[in-house]
Each structure stands twice: as structure tokens, then as C-alpha cells.
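# Structural characterization, general
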Amino acid sequence: GATPQDVSVEMGKQVSTASERPKWGSRGQFLMVLMGYAIGIGNVWRFPYMCGKYGGGAFMIAYLLSLCFIAAPLFIFETVSGHKYQLGPVGTFTHMYAPWANIAYVCVFMVFVILTYYQALLGWAVIYFVQSFAAKLPWHPDECGGCTTGDYFGQTVLNAASFGDEGGWDVQGKLFLALMAVWFVTWLALAGGKNTLGKIAYFTVCFPVLLMIIIFCKAVTLEGAGDGVSYYITPDMSHLTKANTWSAAASQILFSLSPAMGTAIAMSSYHERTYDRILQDNLVVICCNSGFSIFGGFAVFSIVGYLAEQRGLPVEQVASAGTGLAFDVFAEVLTLFPGGSSPFFSVCFFFMLLLLGLDSAFAFVETLQTYVVDFIQHKRPDLEITPKMNMMIVSALAFGLFLIGIVYTTRVGSNLLDIADHFCPTYCLLFVALVEYVLIAWKYGAEKMIQDIQNCAPPQWQQYIPAKAIAIQMKFIGPIGIAFIMLMALIDEFDGDSLQANSSGWKTYGGYPTGVTIVLGWGPVVLPVGFFFFSVIRAHMTGVTTPEFNPAVLDEDRKPNTSQTASTKADDNATPRPDGSSD
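This is a predicted model, so every value here is computed, not measured.

The rules behind each value
- Residues numbered from 1 in each chain as written.
- Predicted model: local features only at pLDDT ≥ 70, side-chain atom pairs only at ≥ 80, totals over all residues.
- Heavy atoms only, no water.
- Helix = DSSP H or I, 4+ residues; strand = E, 2+ residues; numbered from the N terminus.
- Buried < 20%, exposed > 50% of the residue type's maximum accessible area, 1.4 Å probe, protein only.
- Disulfide = S-S within 2.5 Å.
- Patch = residues over 30% accessible without salt bridge, like charges linked within 9 Å, V, L, I, M, F, W, Y side chains within 5 Å.
- Areas by Shrake-Rupley, 256 points an atom, 1.4 Å probe, with all protein chains shown as cover.
- Salt bridge = Lys/Arg side-chain N within 4 Å of Asp/Glu carboxyl O.
- Phe/Tyr/Trp six-rings, centres within 6.5 Å; stacked < 30°, edge-to-face > 60°.
- Lys NZ or Arg CZ within 6 Å of the ring centre and 35° of its normal.
- Axes fitted to C-alpha atoms, helices over the stretch in contact; angles between N-to-C directions.
- Parallel < 35°, antiparallel > 145°, perpendicular 65-115°, else oblique.
- Left-handed = near helix turned anticlockwise from the far one by under 90°.
- Contact = heavy atoms within 4.5 Å.
- Nonpolar A, V, L, I, M, F, W, Y, C, P; charged D, E, K, R; others polar.
- Polar contact = N/O pair within 3.5 Å; in protein donor to acceptor, adjacent residues only side chain to side chain.
- Expected span 1.5 Å × (residues − 1).
- Bend = angle between axes of the 7 residues up to and from the residue.
- 1 Å grid on protein atoms, 1.4 Å probe; cavity = no way out; pocket = protein on both sides within 12 Å on 5 of 7 lines; lining within 4 Å.
- Points joined across faces, edges and corners; volume = space filled by probe spheres on them.

### What about the overall build of the protein?
- Helix and strand counts for the protein stand at 23 helices and 2 strands.
- Buried residues in the protein amount to 59% of all 583 residues.

### Regarding the state of the cysteines
- Enumeration over the complete set of coordinates arrives at 1 disulfide.
- With a sulfur-sulfur separation of 2.1 Å, Cys144 is cross-linked through a disulfide to Cys147. Between Cys144 and Cys147, the S-S torsion sits near -105 degrees, and that sign places the bridge as left-handed.
- Residue Cys147 is classed as buried on the basis of its relative accessible area of 17%.
- No disulfide involves Cys107; its nearest neighbouring cysteine sulfur is the one of Cys428, lying 9.2 Å away.

### Details of a nonpolar patch on the surface
- Together, Ile61, Leu65, Phe69, Met237, Trp442, Ile472, Phe476, Ile477 and Ile480 make up an exposed nonpolar region whose accessible area comes to about 830 Å².
- For the nonpolar patch, the elements supplying multiple residues, two or more each, are helix 5 (57-85) and helix 21 (467-495).
- Ranked by the residues each element gives to the nonpolar patch, the list is headed by helix 21, at 4 residues.
- When you line up the elements, Ile61 lands in helix 5.

### Points about the packing of aromatic side chains
- Applying the stated criterion across every chain yields a total of 51 aromatic pairs.
- On the basis of an interplanar angle of 75 degrees and a centroid distance of 5.0 Å, the ring pair of Phe349 and Phe350 is categorised as edge-to-face. Per residue, the accessibility class of Phe349 equals that of Phe350, and both read buried.
- Ring-pair connections join several aromatic residues into one group, and the members of that group are Trp45, Trp124, Tyr128, Trp139, Tyr152, Phe153, Phe327, Phe330, Phe349 and Phe350.
- Seen from the ring of Phe337, Lys218 lies directly overhead, with NZ or CZ sitting 5.5 Å from the centre.
- Its end group placed over the ring of Trp442, Lys475 keeps NZ or CZ at 5.4 Å from the ring centre.

### Digging into the packing of helix 12 (residues 243-257) against helix 21
- The contact between helix 12 and helix 21 brings their axes to 9 Å, and the two run at 110 degrees. By the angle class used here, helix 12 and helix 21 are roughly perpendicular. In this structure, helix 12 crosses over helix 21, and the sense of that crossing is left-handed. Facing Ala243, Asn244, Trp246, Ser247, Ala250, Ser251 and Leu254 of helix 12, the residues of helix 21 in contact are Ile482, Phe484, Ile485 and Met488.
- Grouping the constituent residues of the contact of helix 12 with helix 21 by class yields 8 nonpolar, 3 polar and no charged.

### Some points on the side chain of Ser290
- Tracing the backbone shows Ser290 in helix 14 (residues 278-311).
- Taking the relative accessible area as the measure of exposure, Ser290 reaches 4% and is therefore buried.
- What Ser290 contacts, discounting residues up to four positions off in sequence, is Tyr63, Leu67 and Ile253.

### A short note on the environment of Val90
- Looking at the secondary structure, you find Val90 in helix 6 (residues 89-97).
- For Val90, a relative accessible area of 5% puts it in the buried group.
- Separated by 15 residues in sequence, Val90 and Tyr105 place their C-alpha atoms 7.5 Å apart.

### Quick notes on the environment of Lys174
- Relative to the assigned elements, Lys174 resides in helix 9 (residues 173-190).
- Note: C-alpha distance between Lys174 and Thr409 (235 residues apart in sequence) is 8.5 Å.
- Beyond its immediate sequence surroundings of up to four residues, Lys174 is in contact with Ile127, Thr156 and Val157.
- Within the structure, the side chain of Lys174 is placed 2.9 Å from the backbone oxygen of Thr156, a separation counted as a polar contact.

### Focus on helix 5
- For helix 5, built from 29 residues, the straight-helix expectation of 42 Å at 1.5 Å per residue is met to within 8% by its first-to-last C-alpha distance of 40 Å.
- The axis of helix 5 is deflected most strongly, by about 50 degrees, at Leu67.
- Burial of helix 5 is extensive: 24 of the 29 residues sit out of reach of the surface.
- Once helix 5 ends, the next one or two residues include Gln86, with phi positive near 55 degrees.

### Considerations on the environment of Pro459
- Secondary-structure assignment places Pro459 in helix 20 (residues 459-462).
- Sequence separation between Pro459 and Asp276 is 183 residues; the distance between their C-alpha atoms is 9.2 Å.

### Quick word on unusual backbone geometry
- Phi is positive for Gln86, close to 55 degrees, though the residue is something other than glycine.
- What makes Gln86 buried here is its relative accessible area of 8%.
- A positive phi angle, near 50 degrees, is found at Asn159, a position not held by glycine.
- Topologically, Asn159 is positioned in the loop between helix 8 (149-157) and helix 9.
- Residue classification places Asn159 among the partly exposed positions, given a relative accessible area of 27%.

### Concerning the pattern of salt bridges
- Considering all chains together, one arrives at 8 salt bridges under this definition.
- Salt-bridge contacts for Lys136 lead to Asp142; the nearest nitrogen and oxygen are separated by 3.2 Å.
- The class of Lys136 is partly exposed, set by a relative accessible area of 37%.
- Glu366 serves as the salt-bridge partner of Lys194, at 2.4 Å between the closest nitrogen and oxygen. Of this pair, Lys194 sits in helix 10 (residues 194-219) while Glu366 sits in helix 17 (residues 342-379), placing them 172 residues apart in sequence.
- For Lys194, a relative accessible area of 8% corresponds to the buried category.

### Let's talk about the layout of surface pockets
- Estimates place the volume of the second largest pocket at around 560 Å³.
- Looking at the second largest pocket, it is lined by 22 residues, and the ones nearest its centre are Pro73, Ile76, Leu283, Pro466 and Ile470.
- Among the secondary structure elements, those contributing two or more residues to the lining of the second largest pocket are helix 5, helix 14 and helix 21.
- For the lining of the second largest pocket, the leading source of residues is helix 5, giving 7 residues.
- When the residues that make up the lining of the second largest pocket are grouped by side-chain class, the tally is 20 nonpolar, 2 polar and no charged.

Here it is as C-alpha cells:
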């Protein structure tokens, strides 16, 4: 009988479509969309805090090394593979090693979970953005009865409640409307197809950079800004000897650049096969992503230093990460800006956050759309995917995700969001990254991947590609680095400061109820990972992947015979075409 790898090759040749796969209108559109996906709100509200917490310049050293040896290579491998096979993650992984192809469904599940709450979080930025147009910011102590910005965020904006409080599951009108507005803008950007999204991305990527420059120019003039910047960049080299510094740095760049989510594969699959600038595009996206993080850190810590000066506190006691930085620290600083400039800079800041978040959301939804389209084209190869059908798919995805996201507009929604954001994106992303490294290096073959990279490079670049170094990184450095991060994350999970006793006496993340933590926290991690292991065992027992979950492979009754696979094995490196032929 045929081996699983032989089956994957023959299966791949059966992937066909009735219509030409949509293509990017220009190189710039692809760059903007992929850059918008990578550069998100975490670049502003997580990177600077992590840098200050773990030794300033020392953290940057660990961050840049993790970028070069763990995150960036995997990002490049994904874009090269998506471009080669002209398919989404499921089809791409099927070609590479069919028994493990269902790792793509861990990716799609993770993206799905993220989108359910990510848009609700952007809804908070919408509320602050709209309120910033007031003559005096509503969260100013004079306007809210002397409340703090933290109280305003928790009590006025979220009307937050704890689990078990009466009315905790009541939907909050303004949060509901904000969520609806975010999804409407997302739908509007995606309904017009790839070219429309590409054109919109020019604005949603470039304008936040301009806004960040405006904020930076203001921030560095504030009293105490120098102290903040000094805390941000002053290296404490002792941190380089601590494992948690390296774990934090590697985690930060992984979650920022975000390989292992399937999006890089999906986006690069919409290029022409003859396109030979994939490697240059990767370098641009990778450098711009980290450059924006580092530059944004100067603006953030200039403002944090100013607030520390106003409060008479050390910088480290003022710095925070996540929503605490955006809706508490920044919100308070904006009320202190002199000369009546607070509303203007508040509009700039929250509009920047909104655009950064929308860029990532666009790419996430586009990734889900790719899964759906590839599935339809497998089931109905004679069916043409028209622009109208694409719009219907986007509409169904947006509406369905909006309905699920309503739960995050309740009074306990912020707690639900915290749980969902803590577990699934962290552990699923690390798991997928580890599996991808093993799949690419040891199942697909490091030598084949290096050849794919060389095929994507311009002729003048090919002689400079360090094949041996890439092979060592792919086989050993990358997977060992990911395994180390995962181990550190699990140790911190079960023996860290985040564990608190809940009302039942159990220690859980944040002290949240055990049932909610299991259902919304560990459940979305265990289910997709368990499904992957089940599919791998099934694939190795039967010789084929799970057809009902894998649109890029044949049904079992169409399983190729050994005589067919013998002839295709020699053509293992060929690039399949939609019509079944190969390069």
C-alpha cells in the first residue's frame, strides 16, 4: 500500500478549482495587509512594558535573538509554503505531510476563538475614541466626580461585575453597539475582496504610524520623559542569565509576529506563482513589526515617565501592560496634557489603537474565509467562487462571530475576555509552532524547504542563502526554543503569581470560577490539540488523513492505488496546479 507521504502527494494533485484563485492587485497590497496583521495593539501596550520589566536593553537583546532564531524563520517558512502550493493552511500542510495536516485546524480554531473576543476589546477603544471628541475628556476627575481613570473604565465604560453578582450577564448597550460598529467596519473592508482590502490597508497601516509619530513628538517634550525612556532602554545584563527573560522575549515576538496562526500561509497563497519577492517582503514585514514596537516604546515610556513625575512615584510602579496601560495609564496622562490639547491627542491615541486592531482583525477574518473557500472548492470543484459568494461567506462569518462575541458585552464580559485571551492564544500558538517546526524540518524535510526558499529568491540572492545554518535552525534551534517557552509557560501557569484561590477554594487563573476556567480556558486548548492527536493516530493507522475535516484531500473511496503513487513519488517536489498538472 501507499505510505502516508505518497498519499499526500497524490491527494494534492486532486485539488482543483473551477475559477482562478484571487490575486493581490499589487505587491504593496500584500505588504500592507501582512504588515497590518503583524503590527497590532500588542506592539503598543505589551512590548514596552515587557522591555522595562526584564532589563530594558537586555530584554531587547533577547528579543532580537529570539526574532532571528525562532519567530522570523517560521514566518518565512509559512509564507514560502503558502506561495508554493497556492492553498490555505489545510491544503499546504496536506502537500507537505498529510498525516499531520489537521494541525491547520488548531490554527483555525485559535483564530476563531481570538476573533470572538478581540472585536469586543476593540469596541472599548471605539467608546474612548468617540468620547475623546468632547471639549473635556469624560474621564477627567472634574467630569466624573473625582473618579480615577481606572474606576471610570471599570464602572462607567464596562459596568463590570464579578461572577455570581446579580445582573452580571446583562448585556451593556454601549458595548453592544461598539461591537456592532467594529464588525460592520470589518465586514465593509472585506466584502469587496482582496483588492479592496489591499487598498484599505494602505490607510489602516500607514496612518497609525503617523499618529504614533505625532504622539512621540508630544511625549518626549513632557516633564519626566527622560526618566521613562531611561527605564525603558537602560540594560540590566543580569537579566540575560535568567530563563524567564528569554521566555518572555521569545513569547513576545511570537505573539507579535504571529506565525503558526495560518494567516501568513493564507495571505501568501494569493500571489502569482512567478512572484519572486517573497523573501524581500518577509524582511520588510519582520523589520517594520519590530521597529514599530521599539519606536512605540519610546513614546509609551516617555508618557509613563511623565505620569510617574506627576504622581511622585518610581517609573516601575506606574508602568503596566495591556488594557491597564491603554485605558488607565494613558487615559490619565491624556487628562494632564497642558494647553487644552488633551482631546486631540486622545483622538490620535485611541484611533491608532483602533486601526492597529482592525488590521489584525481583517487578516484573521480573511484567514477564516480562505479555509471556507478551500473547503467549498474541494467539495464542489465545479463551483465558481464569485465575488458575490465571497461577500456571502464574509457576511456569514462576521455575523456569526458577532453573535458569539455578544457574551463579551455583558458585565462579566471583561473577565470572560481575560480568561479566553490567557489560555487559547498562548498554548495553542506555542503548540502549533512546535508542531510546524517538526513537520517542516523532519517530516517534509529541511532540504526540501531550503530548496523552496531558494526557488522563491531572486537569482542574485540564491548563492547567499546559508543552507546549513537554516537546516540547523529548523531542526534544532527553533523547536527546542519553542519547547522551552512552552515549558516555562506551563511552570508559570501552575506555580505562578496568576494563581489565586476562588470561592470554592480551588486555585485558578485570576481566581475565576473553576467551571468557567475549564470551559472557556482549558477547553479551547485541549479540544483542538486532542483532535490533532486523534487525527494523527487515525492517519497513521489508515494511511490517509481525516477526509471529513480535511478539504484538501480525497475521500477514502478515491484513495489512490500503489501504482499511481509510485509514479508521483518521483515528482514529490512538483508544484501542483489547480487543474491537477504540475510544474
